[in-house]
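Here are the chains, one letter per residue:
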There are 2 protein chains.
Amino acid sequence: MCQLLGLNSNLPTDICASFSGFRARGGRTDEHADGWGIAFFEDGGLRILNEPHPSCQSQLAGMVAEHPFQATNIVAHIRKATVGTVRLENTHPFSRTLWGRPWVFAHNGTLVDFVPRLEGDFRPRGCTDSERAFCWLMDGLQSRFGDVRPDFDTLFAWLREAAVTLSHYGVINFLLSDGELMLAHCSTRLSHVLRQAPFSRRVRLVDTDEDCDLGQGVDPATRSVVLTTVPLTHDEAWVGMPAGSLWGFRDGRVLATVPTVAGQVRQPAEACA
Amino acid sequence: MCQLLGLNSNLPTDICASFSGFRARGGRTDEHADGWGIAFFEDGGLRILNEPHPSCQSQLAGMVAEHPFQATNIVAHIRKATVGTVRLENTHPFSRTLWGRPWVFAHNGTLVDFVPRLEGDFRPRGCTDSERAFCWLMDGLQSRFGDVRPDFDTLFAWLREAAVTLSHYGVINFLLSDGELMLAHCSTRLSHVLRQAPFSRRVRLVDTDEDCDLGQGVDPATRSVVLTTVPLTHDEAWVGMPAGSLWGFRDGRVLATVPTVAGQVRQPAEACA
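By the naming in an unreviewed UniProt entry, chain A is Class II glutamine amidotransferase, taken from Zoogloea dura.

Written out as structure tokens, the structure reads:
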């Protein structure tokens, strides 16, 4: 299994505090030492920093934890290899271009015997079940909707069916973003927290036991949602997302959530805010 | 205009010394202060570090100059915006996936009124003439050869015709790589130098006036070609590539070179080594 970290915000913001705790899971506070990566959406552009090495020891990851890259959407991943060798090409997040914009995907879990037929530009570069799932999603979106990006409700409904299908092959916690939307599927374990003014001035990072000020240098108008496999801080109202639920976020708000298994999804009080 | 830097090597090697001089051109020794980027091919994977800021002041660029990322192919670019705003999405090098592998492209020059019709996944994310040219090349390769990557001679012959076509629209010095091949077109200005054992123990960087040891920590079996808009060092045998010539490199060797304008291309003595 691996670890996920995501951000969706109405204004560009950094994730230094959260990432400084998150990166410790790459070999120090957890065993996920087979690589790490982080994707920043900046305006219409995308920057991905990644390495097939433990993030807790990485000079590059250290710089990411200190350098306030500003982004409205961020997808980060720490890898424990279950399928695929330890190589850069197998390191999440993965990226492809669809409808003229970059899409990014990171996966926690393992899919068994998921070997769809893929052609064209959505063929995997590496050999992970995760990249196959991403390419299958991109291929499906293009096949279903052609050259025109559908509206959110249509896209979300299609993605729900796709998540149900993928769930038949195993555990598929994922974060998927095009720089505007953050689409998150909780198969077994994923939490999120809302951060907005007034910001917590003092929260303690679970992984480093350090205090940090979430409001430092942040525009008071910023409203963001942070998603992660395991809550990063004490002293914050993390919402455990129900197993078998798909979520859509934009501008730091929950747009929608639907179950991807039988039964209703519990609606966290703030989820519909 | 912009500045290009490329590496093609038979063994993974770093480009720290060359990049430390190159990055100074991003606002210090030259005026190209509108962004920078560098792509490293590591095994089958790709890492691109980029910013829409001057490389000479960038913390990230400083780390790249010090951190020995090992790669067999590297494409770097420093931007002076001529077409397209100063944004991350307009920062070279650009990347797309074709035939299941990443391709990277960086351009020096300006194409006038080059607005090809592009569809599918090879549509530009930004608004530069450079990304349009790259997408047009990727689209053309896929349209011509379908899902099967052609052999080098076939690919090179097709790319020559494409370079001739692009040259009708303006200046198109470019570096194009899929992690195995380095394809370089000199429209007006591009040079390369061969680096192999015995390595120069003491060369002076043109941009920083510092000395460096090209053999330090390098496997003696390494053979690499470094390409750049303007030679980076004194004391090395830089080969000025003829205006209107396309070059193909693999494993630090020249595979082929052909003219993209009327007349013969001068064959540098070592070019056929």
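Trainee: Which residues make up the overall build of chain A, and what values go with them?
Mentor: The secondary structure content of chain A amounts to 4 helices and 15 strands. Taking 19 Å as the expected radius of gyration for a compact globule of 273 residues, we find that chain A reaches 17 Å, a close match to that expectation. Overall size of chain A, expressed as C-alpha extent along the three principal axes, is 50 × 40 × 35 Å. Across the 273 residues in chain A, those meeting the buried criterion constitute 60%. Within chain A, counting contacts between residues at least 6 apart in sequence, those at least 24 apart form 70% of the total. Total accessible area on chain A stands at roughly 9800 Å², and carbon and sulfur atoms take up 48% of it. Charged side chains of chain A number 25 positive and 31 negative; the gap between the two group centres comes to 2 Å.

Trainee: Could you give an account of unusual backbone geometry, with specific residues and numbers?
Mentor: Across the junction of A:H92 and A:P93, the peptide omega takes the value -5°, indicating a cis bond. With respect to the helices and strands, A:P93 occurs in the loop between β4 (71-78) and β5 (94-98). Cis geometry is found at the peptide bond from B:A197 to B:P198, where omega equals -5°. Residue placement: B:P198 occurs in the loop between β9 (191-196) and β10 (203-204). The phi torsion at B:W99 lies on the positive side, around 55°, for a residue other than glycine.

Trainee: Now, about the nonpolar core: what can you tell me, with residues and values included?
Mentor: Counting residues in hydrophobic clusters, the biggest one holds 46 residues, and the most contacted among them are A:F19, A:I38, B:F19 and B:I38. Once residues within four sequence positions are removed from consideration, A:F19 is found in contact with A:L5, A:W36, A:I38, A:A61, A:V64 and A:A65. Counting 31 residues, the second largest nonpolar core, distinct from the first, contains B:M138, B:L141, B:L166 and B:L246.

Trainee: Quick one: what's the story with the environment of A:S224, residue by residue and with numbers?
Mentor: Residue and element names in this part refer to chain A. Mapped onto the secondary structure, S224 falls in strand β12 (residues 223-228). S224 sits in the buried class, given a relative accessible area of 5%. Distance from S224 to I172, taken between C-alpha atoms, is 24 Å for residues 52 residues apart in sequence. In this view, S224 contacts L7, N8, S9, V193, L194, R195 and G252; residues no more than four positions away in its chain are not counted.

Trainee: Can you break down the interface of chain B and chain A residue by residue, with the values?
Mentor: Taken together, the contacts link 36 residues of chain B with 36 residues of chain A. At the boundary of chain B with chain A, the tally comes to 0 salt bridges. Within the residue set of the side of chain B that touches chain A, elements represented by two or more residues are β3 (45-51), α2 (59-66), β5 (94-98) and β6 (101-108) of chain B. Among the elements that line the side of chain B that touches chain A, the one with the most residues is β3(B), at 7 residues. Grouping the amino acids of the side of chain B that touches chain A by side-chain chemistry returns 13 nonpolar, 10 polar and 13 charged.

Trainee: Tell me about the pattern of salt bridges, and please be specific about residues and values.
Mentor: Residues and elements named next belong to chain B. Under the counting rule described, the total for this entry stands at 28 salt bridges over all chains. With its nearest N and O atoms 2.8 Å apart, the salt bridge here joins R96 to E131. Taken together, the residues span a long stretch of sequence, with R96 in strand β5 and E131 in helix α3 (residues 129-145) at a distance of 35 residues. A relative accessible area of 1% means that E131 is categorised as buried.

Trainee: Run through the packing of aromatic side chains, naming residues and quoting values.
Mentor: For the structure on display, the rule yields 22 aromatic pairs over all chains. Geometrically, the ring pair formed by B:W99 and B:F145 is edge-to-face, given 6.5 Å between the ring centres and 65° between the ring planes. Here B:F145 lies in helix α3 and B:W99 lies in the loop between β5 and β6, a separation of 46 residues in the sequence. Like B:W99, the residue B:F145 is buried in the burial classification. Taken together, A:F19, A:F22 and A:W36 form an aromatic cluster joined through their ring pairs.

Trainee: Talk me through empty space enclosed by the protein; I want residue IDs and the actual numbers.
Mentor: Enumeration according to the criterion identifies 3 cavities of 30 Å³ or more in this entry. When contributions to the lining of the largest cavity are tallied by element, the ones reaching two or more residues are β3 (45-51) and β5 of chain A together with β3 and β5 of chain B.

Trainee: Could you give an account of the relation of the copies chain B and chain A, naming the residues involved and the relevant values?
Mentor: Overlaying chain B on chain A yields an RMSD of 0.0 Å, the required transformation being a rotation through 180° with an accompanying axial translation of 0.0 Å. In the structure described here, the two chain copies are related by an operation that fits a two-fold rotation axis. Take the interface residues of chain B: 100% of them recur as interface residues in chain A, which is what a same-surface contact looks like.

Trainee: Can you break down the confidence of the model for chain A residue by residue, with the values?
Mentor: Residues and elements named next belong to chain A. Overall, the predicted model of chain A reaches an average pLDDT of 89, with 95% of residues at or above 70. Note that pLDDT drops below 50 for residues 263-273; the model gives that stretch 19 contacts with residues more than four away or on any other chain. The complex model carries a pTM of 0.85, and its ipTM stands at 0.76.

Trainee: Let's hear about the pairing of β3(B): which residues, and what values?
Mentor: All names here are of chain B. The element β3 is extensively covered by neighbouring structure, given that 7 of its 7 residues are classed as buried. Here β3 shows a buried face lined by G45, R47, L49 and E51 and a second buried face lined by L46, I48 and N50. Of the pairings in the sheet, the one linking strand β2 (residues 36-42) to β3 comprises 7 bridges and is antiparallel in character. Considered in β3, the bridge of F40 is made with R47.

Parameters and conventions
- Each chain has its residues counted from 1, running along the sequence as written.
- The naming scheme follows written order: chains are lettered A onward, ligands numbered 1 onward.
- Given that the model is predicted, a residue must reach a pLDDT of at least 70 before its local features are reported, and side-chain atom pairs must reach 80 or more before they are shown or counted; all residues, however, enter totals for whole chains, interfaces and linings.
- Side-chain figures throughout are based on the complete set of non-hydrogen atoms in the structure, without hydrogens or water.
- Helix and strand labels come from DSSP, where a helix needs a run of H or I of at least four residues and a strand needs a run of E of at least two; each type is numbered from the N terminus.
- C-alpha atoms define the radius of gyration in this analysis, and the globule rule sets the expected value at 2.2 Å times the number of residues to the power 0.38.
- Residue exposure (1.4 Å probe, protein chains only): buried if accessible area is under 20% of the type maximum, exposed if over 50%, otherwise partly exposed.
- Contact definition: two residues touch when any of their heavy atoms are within 4.5 Å.
- Shrake-Rupley sampling with a 1.4 Å probe provides the accessible areas, and residues are treated as covered by the protein chains on show and by no other component.
- Charged-residue counts in this description rest on Lys and Arg as positive and Asp and Glu as negative, His and the chain ends being excluded.
- Each charge is placed at NZ for Lys, CZ for Arg, CG for Asp and CD for Glu.
- For the purposes of this section, nonpolar cores are sets of buried Ala, Val, Leu, Ile, Met, Phe, Trp, Tyr and Cys residues that join through side-chain atoms within 4.5 Å.
- Salt bridges are counted wherever a side-chain nitrogen of Lys or Arg sits within 4 Å of a carboxyl oxygen of Asp or Glu.
- When residue character is reported, Ala, Val, Leu, Ile, Met, Phe, Trp, Tyr, Cys and Pro are called nonpolar, Asp, Glu, Lys and Arg charged, and the others, Gly included, polar.
- The rule is short: rings of Phe, Tyr and Trp, with Trp giving its six-membered ring, pair when the centres are within 6.5 Å, and they are stacked under 30 degrees, edge-to-face over 60, tilted in between.
- Cavities and pockets are defined on a 1 Å grid built over the protein atoms alone: a cavity is a set of grid points where a 1.4 Å probe fits but cannot escape, while a pocket is an open set with protein on both sides within 12 Å along at least five of seven lines, and lining residues are those with an atom within 4 Å of any such point.
- Grid points are joined across faces, edges and corners, and a volume is the space filled by probe spheres set on the points.
- When the copies are overlaid, the least-squares fit takes in C-alpha atoms only where the residue has pLDDT of at least 70 in both copies.
- The quantity known as pLDDT measures the predictor's confidence residue by residue, on a range of 0 to 100.
- When DSSP finds at least two bridges between two strands, those strands are taken to pair.

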